[in-house]
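# Secondary and tertiary structure notes
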Amino acid sequence: MLRIDDDQYQALVAHARAEYPNEACALLAGRDGSAERVYALPNAEASPTFYVVEPKAQLRAMTEMDDLGLDLVGIFHSHVATEAYPSRTDVELAAYPDAVYLILSLADQDAPVLRAFRIRDGRVDEVELERRTAGVAG
Amino acid sequence: MAVEVRIPTILRKHTGGEKAVPADGDTVRDLLGDLDRRYPGIAGQLLTEDGSLHRFVNVYVNDEDVRFLGALDAKLADGDVVAILPAVAGGG
């Protein structure tokens, strides 16, 4: 399970739309299954079918997370024409078993779909994604 | 040259859970060889069969991507910090 705020969700959708028609990618830092920060990062491949987080930007983001005492809780990317489910390439290249992989489908641009998965040892398990409305005390 | 190597979570099974380990080498190639002597099997996760750096593994020397420093021929100095990170990559 991963909790994200509605403004984080909106930031991810905006990033995916800004990078369209290429895939967008981002890292989410947080703790205890809650995202606290979104790092919208460049896709070094600038491709509609492939993404690689630009390596120096990746290192900077991960170093900052370490310095803040946050964990990498989520890895986000968009699918511009396919469903929000890990592709074969997503599974083959998944190297962060402790992170939740979030995929946003823009196949229907008016109705983006965001889903979340664990990808471990070639196995995909969907996990619950909880979207919290910011500003509501709870 | 004695350097500190930061090990990503996914490779810590090779290092007994250690996040950072010491290793020696004048170049990144030598360093990875030394690392593999200390932690057998680890280089196989980082290098391709022809001995080049795997496309989806990032190695940094003092925060600089080694692809811009001569890749495996990148020179090392005492006290350098080498970080290894699996690339964040995929596509659908």
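For the structure, check the block above.
Figured I'd write up the structure that's included with this text. Computed from a predicted structure; not experimentally measured.

### Quick word on the packing of aromatic side chains
Under the criterion given, the structure shown has 2 aromatic pairs over all chains. Between A:F50 and B:F56, the aromatic rings sit 6.1 Å apart at their centres with planes inclined by 70°, giving edge-to-face as the arrangement. Placement of A:F50 in the loop between β3 (34-41) and β4 (51-52) and of B:F56 in the loop between α1 (28-38) and β3 (57-61) is noted, with the two residues assigned to different chains. Just as A:F50 is buried, B:F56 falls in that class too. On the numbers, 5.1 Å between centres and 80° between planes, the contact of A:Y85 with A:F117 is edge-to-face.

### So, the sheet that holds strand β4 (residues 64-65) of chain B
The mixed open sheet is built from 5 strands, whose spatial order is β2-β1-β5-β3-β4 (chain B). Of all strands in the sheet, those bounded by a partner on one side alone are β2 (20-24) and β4 of chain B. Sheet topology note: the β3(B)/strand β5 (residues 81-86) of chain B ladder contains 5 bridges and is antiparallel. Across the sheet, the residue bridging to B:V61 is B:V82, located in β5(B). Packing against the sheet, helix α2 (residues 55-68) of chain A makes contact with β3, β4 and β5 of chain B, and its axis sits at approximately 70° to β3(B). With respect to the sheet, α1(B) is in contact with β1 (2-6), β2, β3 and β5 of chain B, its orientation differing from that of β2(B) by roughly 115°.

### Here's the deal with the interface of chain B and chain A
Interface size is commonly expressed as the accessible area that is lost once the parts come together. Taken together, the 17 residues of chain B in the interface contact 26 residues of chain A. Summing the contributions of chain B and of chain A, the shared interface buries around 1900 Å²; its carbon and sulfur component is 61%. Viewed at the interface, chain A and chain B are joined by 2 salt bridges. Along the contact surface separating chain B from chain A lie 11 residue pairs in polar contact (both at pLDDT 80 or more). Mapped by element, the contributors of at least two residues to the side of chain B that touches chain A are β3, β4, β5 and β6 (89-90) of chain B. Its residues assigned to classes, the side of chain B that touches chain A comprises 8 nonpolar, 5 polar and 4 charged. Inspection of the sheet shows β4(A) paired to β6(B) by 2 bridges, in the antiparallel sense. Residue A:Y51 lies in a different strand from β6(B), and its bridge partner there is B:G90.

Definitions and limits used
Residues numbered from 1 in each chain as written. Chains lettered and ligands numbered in written order. Predicted model: local features only at pLDDT ≥ 70, side-chain atom pairs only at ≥ 80, totals over all residues. Heavy atoms only, no water. Phe/Tyr/Trp six-rings, centres within 6.5 Å; stacked < 30°, edge-to-face > 60°. Helix = DSSP H or I, 4+ residues; strand = E, 2+ residues; numbered from the N terminus. Buried < 20%, exposed > 50% of the residue type's maximum accessible area, 1.4 Å probe, protein only. Pairing = 2+ DSSP bridges. Contact = heavy atoms within 4.5 Å. Axes fitted to C-alpha atoms, helices over the stretch in contact; angles between N-to-C directions. Buried area = accessible area lost by both parts, 1.4 Å probe. Salt bridge = Lys/Arg side-chain N within 4 Å of Asp/Glu carboxyl O. Polar contact = N/O pair within 3.5 Å; in protein donor to acceptor, adjacent residues only side chain to side chain. Nonpolar A, V, L, I, M, F, W, Y, C, P; charged D, E, K, R; others polar.

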